[in-house]
Amino acid sequence: MLAMTVADGKLIADTVPDPEAGPEEVLIEVAAAGVNRADLLQVAGHYPPPAGAPAWPGLEVSGTIVAVGGEENAALVGTEVCALLSGGGYAELVAVDAGLVLPKPEGVDLVDAAALPEVAATVHSNLGYLIGPRSPERPPRVLVHGGSGGIGTFAIQYVHRLVGAEVWTTARSEFAEELKALGAERVLDYRSEDFSAELQAAGGAKAILDVVGAAYFEDNLKALDTDGRLVVIGLQQGRTAEIDLGRLLSKRHTVAGTTLRARPLEQRRSILAELFEHVWPALDDGLVKPVVTTRVPLTDADEAHRVMGAGGHLGKIVLTTA
Ligand SMILES: NC(=O)c1ccc[n+]([C@@H]2O[C@H](COP(=O)([O-])OP(=O)(O)OC[C@H]3O[C@@H](n4cnc5c(N)ncnc54)[C@H](OP(=O)(O)O)[C@@H]3O)[C@@H](O)[C@H]2O)c1
């Protein structure tokens, strides 16, 4: 089969052996693969795939199940799905644990469904504590950094439509109209506005989802309301920061960090099961949508990486096999 493998820091079209579904796996004929920043890091040699994963990038796909490894999954053959992977999505076929596969939502086109697993699983596993039976009181305000990105465009909708809170976001002002249409109340241009000062003046945020890292750490904590929670999921601008522990104690703040790919299989399976219960109905109904603005042929994956790496792009990029 065709796969986009890495050679000399570039993605090249290559022929590799077809994968086979293991006992608990299904084999997916790929319609599309979502592009993620982790894929860019992998190509640059900074984020090697975990043991057992294919050597080529690709953390999420959509497509059709064409074979199964175990009889208990036989009924799934022919189903249109999307799946969360540890790697290997930039290919025509991929084998994946059946617990990391979800049906294509009714309200979403098969190609666009490739843009869902990473963002939906990341956003829900970090902000899901705000919905559901054990959730705290609905927070008045949540800050989502990088609102125009793949994570951001999904997180804005999640917080606005599923949590029911006011969403503030940082993004280029060029995207303000689109992000307000997704549910953002305030779009702060991170190049010219001081998000932390604006939030402090408005009473702070009860939760912050951060994709920037060290450069925003201090300002994030200042922008956090009493009892607020900061979750760092991206380190685009640094990994080392200082913390004022006095503020942490007096404001009863919680600071957390997570990486989806590093979670054990059982945790990823249970996140997908929760997604199906709590988020998939909203996707089926079209209440929440993947924001896919760019579809690129799989063989042009290198160009897709260049576009993502350059920044200034709205929503997700997907690679199509057809
Ligand atoms: N921990 C996890 O499990 C996990 C899972 C998925 C993704 N991530 C990470 O989360 C981050 C976002 O992923 P993504 O898929 O959304 O990538 P993306 O689509 O490339 O989006 C990145 C976003 O960050 C914005 N940004 C860059 N610098 C900023 C700044 N100083 N202030 C505010 N926004 C800024 C970008 O805006 P411009 O386009 O204007 O530059 C863009 O909207 C990446 O670092 C990724 O590795 C983590």
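**With respect to the nonpolar core**
Reasoning step 1: Judged by nonpolar contacts, the single largest core of 70 residues is most densely connected at Ile28, Tyr90, Phe154 and Leu179.
Reasoning step 2: Here this core gets 6 residues from one element, more than from any other, and that element is helix α3 (residues 150-163).
Reasoning step 3: In this structure, this core is formed jointly by two domains, domain 1 (2-116 + 265-320) and domain 2 (121-257), each of which donates at least three residues.
Reasoning step 4: Ignoring sequence-local partners within four residues, the contact set of phenylalanine 154 consists of Leu116, Val119, Ala120, Val123, Val279, Leu283 and Val288.
Reasoning step 5: Grouped together as the second largest cluster of nonpolar side chains are 16 residues, Leu143, Leu188, Tyr216 and Leu221 included.

**Examining the side chain of threonine 169**
Reasoning step 1: Within the secondary structure layout, threonine 169 lies in strand β9 (residues 166-171).
Reasoning step 2: At 3.3 Å, the side chain of threonine 169 and the backbone nitrogen of glycine 147 are in polar contact.
Reasoning step 3: Apart from residues no more than four positions distant in its own chain, threonine 169 is found in contact with Leu143, Val144, Gly146, Gly147, Ile156, Leu179, Ala184, Arg186, Val187 and Leu188.

**Considering the sheet that holds strand β10 (residues 184-189)**
Reasoning step 1: Spatially, β10-β9-β8-β11-β12-β13 is the arrangement adopted by the 6 strands of the open sheet, whose pairing is parallel. Every other strand in the sheet has two partners, leaving β10 and β13 (254-257) as the edge strands with one partner each. Neighbour-to-neighbour, the strand axes of the sheet open up by a mean angle of 15 degrees, direction not taken into account.
Reasoning step 2: In this sheet, strand β12 (residues 224-232) lies alongside strand β11 (residues 205-210) in parallel orientation, the contact comprising 5 bridges. Within β12, the position partnered with leucine 209 by the bridge is valine 231.
Reasoning step 3: Each of β8 (141-144), β11, β12 and β13 touches helix α6 (residues 214-223); the most contacted strand, β12, lies at about 145 degrees to it.

**Overview of the site of the ligand**
Reasoning step 1: Lining the immediate environment of the ligand, one finds 25 residues, of which Arg37, Arg172, Tyr190, Tyr216 and Gly312 sit closest.
Reasoning step 2: One of the side-chain N or O atoms of glutamine 236 is found 3.1 Å from an oxygen atom in the ligand.
Reasoning step 3: The contact in question runs from an oxygen atom of the ligand to an N or O atom on the backbone of glycine 312, over 2.7 Å.
Reasoning step 4: Taken by itself the ligand offers 920 Å² of open surface, and the protein chains cover 89% of this.
Reasoning step 5: Counting only elements with at least two residues in the shell around the ligand, the list comes to α2 (117-127) and α3.
Reasoning step 6: Here the shell around the ligand is built from residues that sort into 8 nonpolar, 14 polar and 3 charged.
Reasoning step 7: Counting only domains with at least three residues in the shell around the ligand, you end up with domain 1 (2-116 + 265-320) and domain 2 (121-257).

**Points about the pairing of strand β5 (residues 80-84)**
Reasoning step 1: Within β5, 4 of the 5 residues are buried, which leaves it mostly tucked inside the rest of the structure.
Reasoning step 2: Pairing geometry for strand β4 (residues 60-68) and β5, over 5 bridges, is antiparallel. Opposite threonine 64, over in β5, you have glutamate 80 as the bridge partner.
Reasoning step 3: Note: β5 against strand β7 (residues 101-103), 3 bridges, orientation antiparallel. Opposite alanine 83, over in β7, you have valine 101 as the bridge partner.

**Let's talk about the domain arrangement of the protein**
Reasoning step 1: Under the domain assignment used here, the protein contains domain 1 (2-116 + 265-320) and domain 2 (121-257).
Reasoning step 2: Relative placement of domain 1 and domain 2: their C-alpha centres are 27 Å apart.
Reasoning step 3: Listed by partner, the interface residues are 21 residues for domain 1 and 19 residues for domain 2.
Reasoning step 4: Roughly 1600 Å² of surface becomes buried between domain 1 and domain 2 when both sides are summed, with 72% attributable to carbon and sulfur atoms.
Reasoning step 5: The tally of links from domain 1 across to domain 2 stands at 4 residue pairs in polar contact (both at pLDDT 80 or more).
Reasoning step 6: Every element with two or more residues in the side of domain 1 that touches domain 2 is listed here: α8 (265-278) and α9 (280-284).
Reasoning step 7: Ranked by residues supplied to the side of domain 1 that touches domain 2, first place goes to α8 with 5 residues.
Reasoning step 8: A class-by-class count of the residues in the side of domain 1 that touches domain 2 yields 12 nonpolar, 5 polar and 4 charged.

Quick notes on the rules
- Residues numbered from 1 in each chain as written.
- Predicted model: local features only at pLDDT ≥ 70, side-chain atom pairs only at ≥ 80, totals over all residues.
- Heavy atoms only, no water.
- Core = buried A, V, L, I, M, F, W, Y, C linked by side-chain atoms within 4.5 Å.
- Buried < 20%, exposed > 50% of the residue type's maximum accessible area, 1.4 Å probe, protein only.
- Helix = DSSP H or I, 4+ residues; strand = E, 2+ residues; numbered from the N terminus.
- Domains from an automatic or database assignment.
- Contact = heavy atoms within 4.5 Å.
- Polar contact = N/O pair within 3.5 Å; in protein donor to acceptor, adjacent residues only side chain to side chain.
- Pairing = 2+ DSSP bridges.
- Axes fitted to C-alpha atoms, helices over the stretch in contact; angles between N-to-C directions.
- Near = heavy atom within 4 Å.
- Areas by Shrake-Rupley, 256 points an atom, 1.4 Å probe, with all protein chains shown as cover.
- Nonpolar A, V, L, I, M, F, W, Y, C, P; charged D, E, K, R; others polar.
- Buried area = accessible area lost by both parts, 1.4 Å probe.

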